[in-house]
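Notes for the structure review
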Amino acid sequence: MCGILAVLGCSDDSQAKRTRVLELSRRLKHRGPDWSGLYQHGDCFLSHQRLAIIDPASGDQPLYNENKSIVVTVNGEIYNHEELRKSLPGHKFRTGSDCDVIGHLYEEHGENFVDMLDGVFSFVLYDTRDKSFIAARDAIGVTSLYIGWGLDGSVWISSELKGLNDDCEHFTCFPPGHIYSSKTGGFRSWYNPLWFSEAIPSTPYDPLVLRHAFEKSVIKRLMTDVPFGVLLSGGLDSSLVASITARYLAGTKAAKQWGTKLHSFCVGLEGSPDLKAAKEVANYLGTVHHEFHFTVQDGIDAIDDVIYHIESYDVTTIRASTPMFLMSRKIKSLGVKMVMSGEGADEIFGGYLYFHKAPNKEEFHRETCHKIKALHQYDCLRANKATSAWGLEARVPFLDKEFINVAMSIDPESKMIKKDQGRIEKWVLRMAFDDEEHPYLPKHILYRQKEQFSDGVGYSWIDGLKAHAEQHVTNKMMQYAPHIFPHNTPTTKEGYYYRMIFERFFPQNSATLTVPGGPTVACSTAKAVEWDAAWANNLDPSGRAALGVHNVAYDKQAPVKHIPAKVMNGVPRMMEAASAREVVIRS
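So, here is what we can say about the structure in this document.

Conventions used here
- Residues numbered from 1 in each chain as written.
- Predicted model: local features only at pLDDT ≥ 70, side-chain atom pairs only at ≥ 80, totals over all residues.
- Heavy atoms only, no water.
- Core = buried A, V, L, I, M, F, W, Y, C linked by side-chain atoms within 4.5 Å.
- Buried < 20%, exposed > 50% of the residue type's maximum accessible area, 1.4 Å probe, protein only.
- Helix = DSSP H or I, 4+ residues; strand = E, 2+ residues; numbered from the N terminus.
- Contact = heavy atoms within 4.5 Å.
- Axes fitted to C-alpha atoms, helices over the stretch in contact; angles between N-to-C directions.
- Parallel < 35°, antiparallel > 145°, perpendicular 65-115°, else oblique.
- Left-handed = near helix turned anticlockwise from the far one by under 90°.
- Nonpolar A, V, L, I, M, F, W, Y, C, P; charged D, E, K, R; others polar.
- Pairing = 2+ DSSP bridges.
- Expected span 1.5 Å × (residues − 1).
- Arc of directions from axis to C-beta.
- Disulfide = S-S within 2.5 Å.
- Phe/Tyr/Trp six-rings, centres within 6.5 Å; stacked < 30°, edge-to-face > 60°.
- Lys NZ or Arg CZ within 6 Å of the ring centre and 35° of its normal.

Our next topic: the nonpolar core. The biggest cluster of nonpolar side chains holds 87 residues, and the ones touching the most others in it are Ile-102, Leu-117, Phe-123, Ile-140 and Phe-349. At 6 residues, helix 7 (residues 273-285) tops the list of elements feeding residues into this core. Contacts of Phe-349, omitting those with residues within four sequence positions, involve Leu-210, Phe-364, Phe-398, Phe-403, Ala-407, Lys-415, Lys-426, Val-428 and Leu-429. Counting residues in hydrophobic clusters, the runner-up holds 61 residues, among them Phe-325, Met-327, Ala-469 and Val-473.

Close contact between helix 8 (residues 296-310) and helix 17 (residues 459-472) brings their axes to 10 Å; oriented N to C, the two are set at 55°. By the criterion of interaxial angle, the relationship of helix 8 to helix 17 is oblique. Between helix 8 and helix 17 the crossing geometry is right-handed. In contact with Val-296, Gly-299, Ile-300 and Ile-303 of helix 8, helix 17 contributes Ser-460, Trp-461, Gly-464, Leu-465 and His-468. Taken together, the residues of the contact of helix 8 with helix 17 sort by class into 5 nonpolar, 4 polar and no charged.

What follows covers the sheet that holds strand 4 (residues 63-64). Taken together, 6 strands build an open sheet; the order of strands is 4-5-6-7-11-12 and the sheet is antiparallel. A single partner strand is all that each edge strand has here, and the edge strands are strand 4 and strand 12 (186-189). As judged from the 3 bridges shared by strand 7 (residues 132-137) and strand 11 (residues 178-181), these two strands associate in the antiparallel manner. Bridge pairing in strand 11 places Ile-134 opposite Ser-181. The sheet contacts of helix 3 (residues 101-109) involve strand 4, strand 5 (70-78), strand 6 (119-127) and strand 7, and relative to strand 5 the element is tilted by about 120°.

Taking 1.5 Å as the rise per residue, helix 1 (residues 15-26) with 12 residues should run 16 Å; its terminal C-alpha atoms sit 17 Å apart, in good agreement. Listing the buried residues of helix 1 in full gives Lys-17, Val-21, Leu-24 and Ser-25. One face of helix 1 carries all of its buried residues, which in axial projection span an arc of 100°. Relative to its buried face, helix 1 has exposed residues pointing more than 90 degrees away, namely Gln-15 and Ala-16. Contacts made by the buried residues of helix 1 are with strand 1 (3-8), strand 2 (35-41), strand 3 (44-50) and strand 9 (155-158).

What follows concerns the state of the cysteines. Here the structure, examined in full by the defined rule, presents 0 disulfides. No disulfide involves Cys-44; its sulfur sits 7.0 Å from that of Cys-10, the nearest cysteine.

Our next topic: the packing of aromatic side chains. One pass over the full model with this rule turns up 32 aromatic pairs. Pairing Phe-113 with Phe-123 gives two aromatic rings, centres 5.9 Å apart and planes at 25°, and the pair type is stacked. Here the residue Phe-113 occupies a position in the loop between helix 3 and strand 6, and Phe-123 occupies one in strand 6, the gap between them amounting to 10 residues. Measuring from centroid to centroid gives 4.8 Å for Trp-195 and Phe-196, while their planes differ by 70°, and the two rings are edge-to-face. Judged by relative accessible area, Trp-195 falls into the buried class, the value being 4%. An aromatic cluster is present here, built from Phe-113, Phe-121, Phe-123, Trp-190, Tyr-191, Trp-195 and Phe-196 joined pairwise through their rings. Above the plane of the ring of Trp-427 lies Arg-423, whose end atom (NZ or CZ) is 4.9 Å from the centre.

This is a description of form; function is not addressed.
Listed below in structure tokens is the structure:
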């Protein structure tokens, strides 16, 4: 993923302003370490930090049309760019970049071309002819994007908060599936699928239709001119992505450049559930497997950096982002620039363990709709920013527009979890890939219980975080939390600890408002907490909070096991059972 920053209509075309824009753009350089570009037209600036995945040699940005009257800065991947080029026979393209089609589509169709793009993207397009601009974000919000407004009447667009938070009077998340036009001065939705209405669908479940739709989604994402791999936790979702990638890699252009041997990557504490399962799947698929270990102390030491990069104080997001952040650094050090990942399946198919308590198919379906619509604040944010922190791109085939349409049209009765019928979470997805003749995965992996990433890396990870927060946040601090943090008041010491760090980096009230809140159990929405009265006193985003569902659920009577603390320079620090700090690579 690249980094974009646009400052539009700031009433200042001075060299000092240009220098300031360059300075702010450099805050995004981790997203795009390969090249930088800045275009200025009067008091409008479009900057770009490039991560070169397609056409590394000539695809530098900003991008232009033939006479440079249209200027575009883009973060994303357009998977159907070759077909779109064929639909523009009268146009000459300056580069081989997949994003080069955007400016030319605008010339042909005006602002109404965004739905033609099959991919993930955030972009700003400036038209020098009338000094107008548009900005748009992909359907689900796989790419991160923010918009802000300055006191001078300027509009700011940035891939991350840190590009604009110090210079805007107000800023907010750019809504997914929307376009912002300077001609109207407001947003409008370009993405309006049938499932957005939350009406209950009735299409009968067809496993082969679902299988083929997902295979198509994975295959189109193998478009790359650089080395790549797959993130493999050993859970259902990432294992299916890895299996399909391994099965179809040989017939792709990527295989001709980089060979047919697929590399897979996993992270966890020593002896964690994910490490064991991932290794088994890797052996089954024949991948070149890389196993990364971290200690609880390694993760705690990285928390400040993680919060700075992911720009959130949400507890479950930070828990899951930290191991992903550590793993991404190691992956990038091996020369890999793109990875396939399994985010989105739990939201689409009701894979979180709390869905076991869904009272009926209507509630089940509405909850999946709400979860997908909120992905840009949670798993999409984590996958995008934790990897982009090290110049690594994560692609998420479950969040393909076409695949979501297929999956969300299925009668939710088929998705319901029914233990008496042998149907566990994500049953329709598991059945779609349960092929006796040409198996995709071992049976016990195909039917492995859902394990949230922050749990799967090792149960002591979350327990260690809670114990660390206990050492740094006092009961008195919690007593006055509603006065210090009136919005999204932390209800746990762990949440308070993260909030203090976040506000040190992003002290503005607008920044606080970009992070969601509310009660949750096992990553549920606030509404789904009502499905089981026992959850009200056990609010925690961990999957182990799903009492009576998770195989290793929290014991309601047992206190959290604290990791012993020692004092370093007057500050309590956590001690791991393994005393040495280490991140070990095993290939």
